[in-house]
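One letter stands for each residue in the lines below.
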Amino acid sequence: MNRYLAFAVGLLNVLITMPLIACTGIFAAHGDLVLAGNNEDWRNPESKMWFIPAEGGQYGRVCFGFDNFICQGGMNDQGLFYDGFATQPLPVTGSKDKERYAGRLEDKALAECATVDEVLQLFDRYNLEGMSRSMLFFADRAGNSVIIEGDEVIRKSGSYQVVTNFHQSARSGESPCPRYKTAVDMFARNPEISIDLFRRILAATHLEGSTPTQYSNIYDLKNGILYLYHFHNFQNEVVVNLKAELAKGAHSYDLPSMFPRSYAAEAFRLAKLNEMQQRKAA
């Protein structure tokens, strides 16, 4: 086979097997600085941020997501971070005889857990068969992080951890995801972590096209500070203090309204609205 044709076939196979939903999660700890970050890549431009104050023994927390208000990621007032990732199907069978939880375990973890160890203890109690197409990423202010793949648990083994949309436990050889390789390489070349490094990694791994990066976040887990970016524009930054926002009671924000207007974001939003109208009219 012609070597260029072989390369094209190999690239096509990678693209076919990669999930339609793409997101990137990163975490690193060095000294007193403990940071988590994520790119949320999706086709819905109606992104939201909402705050749930502490009540009834549950921790106060901030959540990010879209207009269905399903928490795609967030942080609680104990410095526990969470983000979720879609994956290709992989059966989860190791917990089939355990109790099924009626709600979303990631929500329960953010409300009731302060550390990665507590999260793992919680998940160990329940049936995780519903995670056959997803993974969860948790990190805490003590510098611990973990990827929960269903049957497999991958703890951070060095100073940083990266997760995208493939099962790291099932891979053999090099990662199939360019975003993963980009983030790992940037961490390897920059041992001193910083907000700027996280911003540069998220910028380098953002997506455009039909499922672009709708928002990006950097979480300072020790200080409860969030750095927000909208529609892969890393020039405009909004800084949020979790404690101050929780003191205002339960409330939410439309993320786009918190930033200067962007032609790219507006054009994408209008295109999606037009697409929805055409579907209704069909």
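Scope of this entry: the structure provided in the associated data block. In this text the structure is predicted, and so the values were computed from the model without any measurement.

**Considerations on the overall build of the protein**
So, point 1. Along the backbone of the protein there are seven helices and 14 strands.
So, point 2. For 282 residues, the compact-globule estimate of 2.2 N^0.38 gives 19 Å, and the protein sits close to it at 19 Å.
So, point 3. C-alpha atoms of the protein, sized along the principal axes, occupy 65 × 45 × 45 Å.
So, point 4. Relative to its full complement of 282 residues, the protein shows a buried share of 46%.
So, point 5. Within the protein, residue pairs in contact and separated by at least 24 positions form 61% of the contacts whose partners lie at least 6 positions apart.
So, point 6. Entry remark: accessible area of the protein is about 14,000 Å², with carbon and sulfur atoms responsible for 51%.
So, point 7. Of the charged side chains in the protein, 28 are positive and 32 negative; the average position of the first set lies 4 Å away from that of the second.

**Re the sheet that holds strand β10 (residues 160-163)**
So, point 1. Ordered in space as β10-β1-β2-β11-β12-β13, the six strands form an open sheet in which the pairing is antiparallel. Both outer strands of the open sheet, β10 and β13 (233-241), are each paired with one neighbouring strand and no more. With strand direction ignored, the average angle separating the axes of adjacent strands in the sheet is 15°.
So, point 2. Bridge count for strand β1 (residues 23-30) against strand β2 (residues 33-41) is eight bridges, and the pairing is antiparallel. Each residue of the ladder has a partner; that of A29, found in β2, is V34.
So, point 3. Along the sheet face, helix α4 (residues 178-189) touches β1 and β10 and points at about 165° away from the line of β10.

**Considerations on a nonpolar patch on the surface**
So, point 1. Residues L270, L273 and M276 make up a contiguous nonpolar surface patch of roughly 260 Å² in combined accessible area.
So, point 2. Considering the arrangement of structural elements, one finds L270 in helix α7 (residues 263-281).

**Quick word on the nonpolar core**
So, point 1. Ranked by size, the top nonpolar core spans 30 residues in total, and within it F64, L221, L226 and L228 carry the most contacts.
So, point 2. Not counting residues up to four positions away in its chain, the partners in contact with L226 are V62, F64, M75, I218, Y219, V238, V239, V240 and L242.
So, point 3. One finds C71, L80, C113 and F138 within the second-largest nonpolar core, a separate group that totals 22 residues.

**Quick word on helix α3 (residues 116-123)**
So, point 1. Within the span of α3, buried status applies to V116, V119, L120, L122 and F123. Looking straight down α3, one finds its buried side chains confined to an arc of 160°; they lie on one side.
So, point 2. In this structure, the buried side of α3 is in contact with α2 (105-112), β7 (134-139), β8 (145-148) and β9 (153-155).

**Observations concerning helix α5 (residues 195-204)**
One turn of an α-helix holds 3.6 residues; hence residues three or four places apart share an orientation.
So, point 1. Residues of α5 that are buried include every one of I195, L197, F198, I201 and L202, and no others. Each buried residue of α5 sits inside an arc of 160° when the element is viewed along its axis, so together they form one side.
So, point 2. Structurally, α5 contributes buried residues whose contacts are with β1, β2, α4, β11 (213-220), β12 (225-230) and β13.

**Looking at the pairing of strand β5 (residues 73-76)**
So, point 1. A two-sided burial pattern is seen for β5, the buried positions comprising G73 and M75 on one face and G74 and N76 on the other.
So, point 2. Summarising the sheet, strand β4 (residues 61-66) and β5 pair through four bridges and their orientation is antiparallel. Note on β5: the bridge partner recorded for F64 is G73.
So, point 3. The turn joining β4 and β5, which pair antiparallel and follow one another in sequence, is formed by six residues; a positive phi near 55° is taken by F69.
So, point 4. Relative to strand β6 (residues 81-86), β5 runs antiparallel, the two sharing three bridges. Opposite G74, over in β6, you have Y82 as the bridge partner.
So, point 5. The hairpin turn running from β5 into β6, its antiparallel successor, is four residues long, and G79 in that turn takes a positive phi close to 85°.

**Topic: the pattern of salt bridges**
Pairs may arise between side chains of opposite charge once their charged atoms sit close together.
So, point 1. Scanning all chains against the criterion turns up 18 salt bridges.
So, point 2. Measuring nitrogen to oxygen at the nearest pair gives 3.0 Å for the salt bridge that ties E106 to R104.
So, point 3. For E106, a relative accessible area of 14% corresponds to the buried category.
So, point 4. A salt bridge links R200 to D196, with the shortest nitrogen-to-oxygen separation between them at 3.0 Å. Taken as a pair, R200 and D196 lie in helix α5 at a separation of four residues, close to a single helical turn.
So, point 5. Given a relative accessible area of 37%, R200 falls into the partly exposed group.

**A short note on unusual backbone geometry**
So, point 1. A positive phi angle is found at F231, which is not glycine, with a value near 50°.
So, point 2. Using a relative accessible area of 6% as the deciding quantity, one classes F231 as buried.
So, point 3. The backbone of H232 shows a phi angle near 45°, a positive value even though the residue is not glycine.

What counts and what doesn't
- Numbers given to residues run from 1 along each chain, matching the order in which its sequence is written.
- Two thresholds apply to this predicted model, a pLDDT of at least 70 for residue-level local features and 80 or more for giving and counting side-chain atom pairs, whereas whole-chain, interface and lining totals are computed over all residues.
- Side-chain calculation: all heavy atoms of the structure are included, whereas hydrogens and water are not.
- Each helix is a run of DSSP H or I of at least 4 residues and each strand a run of E of at least 2, with the numbering of both proceeding from the N terminus.
- Here the globule rule is a power law, 2.2 Å times the number of residues to the power 0.38, and the radius of gyration is based on C-alpha atoms.
- Buried, partly exposed and exposed residues are distinguished by accessible area as a fraction of the type maximum, computed with a 1.4 Å probe on protein chains only: under 20%, between the cut-offs, and over 50%, respectively.
- Residue contacts are counted whenever heavy atoms from the two residues lie within 4.5 Å of one another.
- We get accessible surface area from the Shrake-Rupley algorithm with a probe of 1.4 Å; when it comes to residues, only the shown protein chains can shield them.
- Neither His nor the chain ends is counted toward charge; the positive residues are Lys and Arg and the negative residues Asp and Glu.
- We put the charge of a Lys on NZ, of an Arg on CZ, of an Asp on CG and of a Glu on CD.
- Here, a strand pair is defined by DSSP locating no fewer than two bridges between the strands.
- Where helices are involved, their axes are fitted lines through C-alpha atoms of the stretch in contact, as for all axes, and angles between N-to-C directions lie from 0 to 180°.
- To count toward a patch, a residue needs a relative accessible area over 30% and no salt bridge; like charges are then connected within 9 Å, while nonpolar side chains (Val, Leu, Ile, Met, Phe, Trp, Tyr) are connected within 5 Å.
- By definition, a salt bridge exists where a carboxyl oxygen of Asp or Glu is found within 4 Å of a side-chain nitrogen of Lys or Arg.
- To form a nonpolar core, buried Ala, Val, Leu, Ile, Met, Phe, Trp, Tyr and Cys residues must be joined to one another through side-chain atoms within 4.5 Å.
- Taken from the helix axis, the directions to the C-beta atoms give the arc we talk about.

In short, geometric facts, not functional conclusions.
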